[in-house]
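Below, each chain spelled out in residue letters.
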Amino acid sequence: MRWTGIALVAASFLVPPFFAGDFYVNLASQILIAAIFALSLNLLVGFGGMTSLGHASYLGVAAYISALLTTRYGFGHGPAAVISLAGTTALAAFFGVIALRATGLGFLMITLALSQVLWGLAYRVSNVTNGDNGIAGLTRPMPFGISIDSAVSFYWFALIVATFAFVMMTIFVSSAFGSTLKGVRDQSRRMAALGFNPWMIRWITFIYAGFWGGVSGLLYVYYNKYIHPTSLSTTSSAEALLGVIAGGSGTLGGPAVGAALVLLLKNYVSAYLERWNMLLGLVFLFIVLVMPTGIVPGFSRLMAGLRGGSR
Amino acid sequence: MTLLTSDHALEIVNLKKAFGGLVVTQDVSLTIRPGERRLIIGPNGAGKTTLFNQISGDLRPNSGEIKLFGKDVTPFTPYKRAHLGLSRTYQIITLFSNDTLEHNVTLGLLGLRPSRWQMWRPLSYYGDLSTEARRTLDTVGLLHLADHPVSDIAYGEKRRVELAMALAQKPRVLLLDEPLAGLSNTERAQVKSLIGSIPGETAVIMIEHDMDTALDLAESVTLLNYGRVIVDGDRDAVIADERTREVYLGV
């Protein structure tokens, strides 16, 4: 049963590029990027109990650093990617020190405020970021000399990165350290009394989540070949948070499912329905009412119930 | 090894704590020998748990000193004190209710080991942790429930898990905050013999209202009232003291 499930998931990722049109392959690439982003946010929200409304900072900053280095300063894609990820990780370390002075609602507000500062900078410091016009005319890298300019080749590239990201984040939360992270989420005072340093555990997780947020930002800018301040906006952070909660925060695959749902509603349904935001709201309401823990835990409970009933 | 040369496991000097105008700990001084069994009594609101919270580091005192084995730990965070051999249990059960009993006790063991920072190996890789957690659960008589989540077990059993988590750490100073609260007579007897079997080198400081049971376990008693130490000393002397009857026994 378990292997059938894994085979089905693998097939759903591996088969479509062979017959689907470019529109759908591109949609799938965007889903992969959104999934990495949501999974990285889930490290904070689901496993760390730190609800952040500023995670777009890491996606946006990684994208902007790469865009600026390759267009303005003549860097190659390789060094630009390394500097971009290092810079984003350092930013997460710095923001973490500020935001982790608080927990709960205070933490949420600080992350929101910090991301708003970056969003404002991207708009206002237009001699660097080109402001509201964004930075256009970007190129995609050629990993190992292979062009990823076509829809299908980019999809394979994104799939490899997303799989690696998923595995790395799964190892992280399944490790001994991951157990302590969940412990700090559930009973931080008790964890401190047992000899764990809750602040350090949260900070390390914050930095790790920032790094993977940066990875999704690189893919984002490669895909779009364009970057605009909206990538740093609260909407961008909130959509990812919506995906995490809808899919099932604190589960391994849930956030990817939630991110896919949000993206499909946004990109696919909006072609047919002008008020797609309303539909998104209704779908979200439905999930909260019917499956308060999210789609993935909700469905697995449903399946378990059906199996138990048919016996 | 300055830690070993100290005569006192725990030394508290002129401790003071106030929440705004409400003084909850006033000029409290105590010394506990290694291996001592000390009972702390006093009416509700006497400042017993507040004192515990200051010893464990959850609360910072306004003034005064707390020394563990001669080392001033007053500015230390709780986790640093845990690494010096201090463990505690809580009056209100504070467990990881979705996790198994074994996982709860394992966290207690992991807290003092460097492998708690291990980011690629799962907890299950450390078989010795699991073995030791199960052994500790066995000593508190809960081995048969090791694989059940804490949310499944009865209140009295949760109390024993609290104790198991602290005991697993092999503390040198153990703070027990009302370990008998809410237990049935049978459970009381079980927990009592459990506390009685704590290794002799561990100093145990216990807050407890059930005098009948707790007095048997104590060598010395401290009576607190309104945040002050009223009487302090040998068990029988404190019980016989006039002021104890006045404050606590209400005679």
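No experiment lies behind these values; they were computed from the predicted model shown. (Residues numbered from 1 in each chain as written. Chains lettered and ligands numbered in written order. Predicted model: local features only at pLDDT ≥ 70, side-chain atom pairs only at ≥ 80, totals over all residues.)

### A word on the environment of D212 of chain B
Link 1 in the chain: Note that D212 of chain B resides in helix α8 (residues 211–217).
Link 2 in the chain: Taking the C-alpha atoms as reference, D212 of chain B lies 22 Å from K158 of chain B; in sequence the two are 54 residues apart. (Helix = DSSP H or I, 4+ residues; strand = E, 2+ residues; numbered from the N terminus.)

### Some remarks on the interface of chain A and chain B
Frequently, the measure chosen for interface size is the accessible area that the parts lose on association.
Link 1 in the chain: Tallying the contact residues gives 19 residues for chain A and 24 residues for chain B.
Link 2 in the chain: Looking at the side of chain A that touches chain B, the element that brings in the most residues is helix α8 (residues 176–186) of chain A, giving six residues.
Link 3 in the chain: Of the residues that constitute the side of chain A that touches chain B, the class distribution is eight nonpolar, eight polar and three charged. (Contact = placed C-beta atoms within 7 Å. Nonpolar A, V, L, I, M, F, W, Y, C, P; charged D, E, K, R; others polar.)

### A closer look at the domain arrangement of chain B
Residue and element names in this part refer to chain B.
Link 1 in the chain: Here the domain parsing of chain B yields domain 1 (1–85 + 171–191 + 199–251) and domain 2 (94–170).
Link 2 in the chain: Computed over C-alpha atoms only, the centres of domain 1 and domain 2 are separated by 26 Å.
Link 3 in the chain: Of all the secondary-structure elements, those providing two or more residues to the side of domain 1 that touches domain 2 are α3 (78–83) and α7 (185–196).
Link 4 in the chain: If you tally residues by element for the side of domain 1 that touches domain 2, the top one is α7, at three residues. (Domains from an automatic or database assignment.)

### Quick word on the nonpolar core
Link 1 in the chain: Counting 153 residues, the largest nonpolar core has A35, I36, A38 and A259 of chain A together with A164 of chain B as its most contacted members.
Link 2 in the chain: Sorting elements by how many residues they give to this core places helix α2 (residues 22–47) of chain A first, with 16 residues.
Link 3 in the chain: Composition of this core by domain shows at least three residues from each of domain 1 (1–85 + 171–191 + 199–251) and domain 2 (94–170) of chain B. (Core = buried A, V, L, I, M, F, W, Y, C linked by C-beta atoms within 7 Å. Buried ≥ 20, exposed ≤ 12 C-beta atoms within 10 Å, placed from the backbone.)

### Observations concerning the sheet that holds strand β5 (residues 71–72) of chain B
Residues and elements named next belong to chain B.
Link 1 in the chain: Pairing is antiparallel across the open sheet formed by four strands, whose spatial order is β2-β1-β4-β5. Both edges of this open sheet fall to β2 (22–32) and β5, since each of them pairs with a single strand only.
Link 2 in the chain: Two elements, strand β1 (residues 10–19) and strand β4 (residues 63–68), share five bridges in a ladder whose sense is antiparallel. When the bridges of β4 are listed, V13 appears paired with E65.
Link 3 in the chain: Along the sheet face, helix α2 (residues 48–56) touches β1, β2 and β4 and points at about 65 degrees away from the line of β2. (Pairing = 2+ DSSP bridges. Axes fitted to C-alpha atoms, helices over the stretch in contact; angles between N-to-C directions.)

### Brief notes about helix α10 (residues 198–224) of chain A
Residue and element names in this part refer to chain A.
Link 1 in the chain: Across its 27 residues, α10 extends 39 Å between first and last C-alpha, which sits within 8% of the 39 Å expected from 1.5 Å per residue.
Link 2 in the chain: With 21 of its 27 residues buried, α10 lies for the most part within the structure.
Link 3 in the chain: Phi for K225, located one or two positions after α10, is positive at around 55 degrees. (Expected span 1.5 Å × (residues − 1).)

### Observations regarding the packing of helix α3 (residues 56–71) of chain A against helix α5 (residues 104–124) of chain A
All names here are of chain A.
Link 1 in the chain: At their nearest, the axes of α3 and α5 sit 9 Å apart, and the two run at 30 degrees to each other. Between α3 and α5, the angle falls in the class roughly parallel. The chirality of how α3 crosses α5 is left-handed. Each of A56, S57, G60, V61 and Y64 in α3 lies in contact with α5, whose residues at this interface are L114, S115, L118 and A122. (Parallel < 35°, antiparallel > 145°, perpendicular 65-115°, else oblique. Left-handed = near helix turned anticlockwise from the far one by under 90°.)

### Some words on the packing of helix α4 (residues 101–110) of chain B against helix α6 (residues 155–168) of chain B
Residues and elements named next belong to chain B.
Link 1 in the chain: Between α4 and α6, the shortest axis-to-axis distance is 7 Å and the interhelical angle comes to 30 degrees. The two elements α4 and α6 meet at a crossing, and its hand is right-handed. Between α4, through L101, N104, V105, G108 and L109, and α6, the contact on the second element is made entirely by V161, A164, M165 and A168.
Link 2 in the chain: When grouped by side-chain class, the residues that make up the contact of α4 with α6 number seven nonpolar, two polar and no charged.

### What about the pairing of strand β10 (residues 228–234) of chain B?
The side chains of a regular strand alternate, residue by residue, between the two faces of the sheet.
Residues and elements named next belong to chain B.
Link 1 in the chain: Summarising the sheet, strand β9 (residues 220–225) and β10 pair through six bridges and their orientation is antiparallel. Bridge pairing links L224 to V229 in β10.
Link 2 in the chain: Where β9 folds back on β10, the antiparallel hairpin that results is connected by two residues, among which Y226 adopts a positive phi of roughly 50 degrees.

### Here's the deal with the pairing of β4 of chain B
Residue and element names in this part refer to chain B.
Link 1 in the chain: Across two bridges, the pairing between β4 and β5 is antiparallel. Looking at β5, one finds that L68 is bridged to K71.
Link 2 in the chain: In sequence, β4 turns back onto β5 through a hairpin of two residues, with F69 there showing a positive phi of about 50 degrees.

### Let's talk about unusual backbone geometry
Link 1 in the chain: You will see that F144 of chain A, though not glycine, has its phi angle at about 55 degrees, which is positive.
Link 2 in the chain: With respect to the helices and strands, the residue F144 of chain A is situated in the loop between α6 (126–129) and α7 (151–174).
Link 3 in the chain: Of note in this structure, F69 of chain B is not a glycine but carries a positive phi near 50 degrees.
Link 4 in the chain: Of note, F69 of chain B is situated in the loop between β4 and β5.

### Section: α5 of chain A
At 3.6 residues per turn, the α-helix brings residues three or four places apart onto the same side.
All names here are of chain A.
Link 1 in the chain: Spanning 21 residues, α5 covers 30 Å between terminal C-alpha atoms, matching the ideal 30 Å at 1.5 Å per step.
Link 2 in the chain: Considered for burial, the residues of α5 that qualify are F107, T111, S115, L118, W119 and A122. The buried side chains of α5 occupy one side of the element, clustering within an arc of 105 degrees when seen end-on. For α5, the exposed residues set more than 90 degrees away from the buried face come down to L105, G106 and G120.
Link 3 in the chain: Tucked inside the fold, the buried residues of α5 contact α3, α4 (77–99), α6 and α11 (234–247). (Arc of directions from axis to C-beta.)

### Some thoughts on the sheet that holds β10 of chain B
Residue and element names in this part refer to chain B.
Link 1 in the chain: Strand order across the open sheet formed by six strands is β6-β7-β8-β3-β9-β10, with mixed pairing between neighbours. Strands with a single pairing partner mark the edges of an open sheet, and in this sheet they are β6 (86–88) and β10. Ignoring strand direction, the axes of neighbouring strands in this sheet form an average angle of 15 degrees.
Link 2 in the chain: Packing of α2 onto the sheet brings it into contact with β3 (37–41), β6, β7 (173–177), β8 (203–207) and β9, and relative to β7 it is tilted by some 150 degrees.

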